[in-house]
Amino acid sequence: MKSQFKILYLHGLGTTISEEKYEVLKAYGEVLFPAIDYQASDQIIKDLYSQYKEEGIDVIIGSSFGGFAAYYLSLLLNTDCLIFNPALPYRSFPQHIPEVGQRKNKLLTIIGSQDLVI
């Protein structure tokens, strides 16, 4: 049985992972946190899939625009997903959403507008 997770953390637009988030997540396993320029390409989800499809990711965590990418990437990788304030319905620039077919991953969405933790 696996005791440590391989976690992929996708930050929001114009941000990165904070030291506090990294410290919390690393207690649960290996944390991968690529620096992503979401505006550099309209194929970010496809690019992330190509980069991480062989990594054995156990869970993807995303925040804001990273939540949008995490949701669709988790479907492609068929892995569980935790997203915070995801930019699912509205985005300020286009992103291609790949076809994913039927998947049965677990998704937890957390929306917080006045929550200091989220």
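The structure this text deals with has already been given above.
One structure accompanies this document, and this report is about it. All figures in this text were calculated on a predicted structure; none of them were measured in a lab.

**Overview of a nonpolar patch on the surface**
- Together, Phe5, Val24 and Tyr28 make up an exposed nonpolar region whose accessible area comes to about 330 Å².
- Counting through the fold element by element, Tyr28 comes out in the loop between helix 1 (19–26) and strand 2 (29–32).

**Comments concerning the nonpolar core**
- Grouped together as the largest cluster of nonpolar side chains are 24 residues, with contacts concentrated most on Leu8, Leu10, Tyr38, Leu48, Ile60 and Leu73.
- Residue assignment for this core shows that the elements contributing at least two residues are strand 1 (5–10), helix 2 (44–52), helix 3 (65–77) and strand 4 (80–84).
- Here the element with the most residues in this core is helix 3; it accounts for nine residues.
- If near-sequence neighbours (up to four positions away) are discounted, Leu48 is found in contact with Leu10, Pro34, Ile36, Ala69 and Leu73.
- In terms of nonpolar packing, the next biggest core, distinct from the first, is built from eight residues, Ile7, Tyr9, Leu25 and Leu82 among them.

**Section: the packing of aromatic side chains**
- Under the criterion given, the structure shown has five aromatic pairs.
- Between Phe68 and Tyr72, the ring centres sit 5.5 Å apart and the planes meet at 70°, which makes this aromatic pair edge-to-face. Of this pair, Phe68 and Tyr72 both sit in helix 3, four residues apart, which is roughly one turn of that helix. By the burial criterion, Phe68 is buried, and Tyr72 matches it.
- Here Tyr71 and Tyr72 contribute two aromatic rings whose centre-to-centre distance is 4.7 Å and whose plane-to-plane angle is 80°, an arrangement assigned as edge-to-face.
- Residue classification places Tyr71 among the partly exposed positions, given a relative accessible area of 23%.
- Judged by relative accessible area, Tyr72 falls into the buried class, the value being 18%.

**As for the packing of helix 2 against helix 3**
- The interhelical angle for the contact between helix 2 and helix 3, taken along N-to-C directions, is 50°, at an axis separation of 10 Å. Between helix 2 and helix 3, the angle is such that the two are oblique. Handedness of the crossing formed by helix 2 with helix 3: right-handed. Listed contacts from helix 3 to Ile45, Leu48, Tyr49 and Tyr52 of helix 2 are Phe68, Ala69, Tyr72, Leu73, Leu76 and Leu77.

Basis of the calculations
Residues numbered from 1 in each chain as written. Predicted model: local features only at pLDDT ≥ 70, side-chain atom pairs only at ≥ 80, totals over all residues. Heavy atoms only, no water. Patch = residues over 30% accessible without salt bridge, like charges linked within 9 Å, V, L, I, M, F, W, Y side chains within 5 Å. Areas by Shrake-Rupley, 256 points an atom, 1.4 Å probe, with all protein chains shown as cover. Salt bridge = Lys/Arg side-chain N within 4 Å of Asp/Glu carboxyl O. Helix = DSSP H or I, 4+ residues; strand = E, 2+ residues; numbered from the N terminus. Core = buried A, V, L, I, M, F, W, Y, C linked by side-chain atoms within 4.5 Å. Buried < 20%, exposed > 50% of the residue type's maximum accessible area, 1.4 Å probe, protein only. Contact = heavy atoms within 4.5 Å. Phe/Tyr/Trp six-rings, centres within 6.5 Å; stacked < 30°, edge-to-face > 60°. Axes fitted to C-alpha atoms, helices over the stretch in contact; angles between N-to-C directions. Parallel < 35°, antiparallel > 145°, perpendicular 65-115°, else oblique. Left-handed = near helix turned anticlockwise from the far one by under 90°.

Geometric descriptors of this kind do not, in isolation, establish any biological role.
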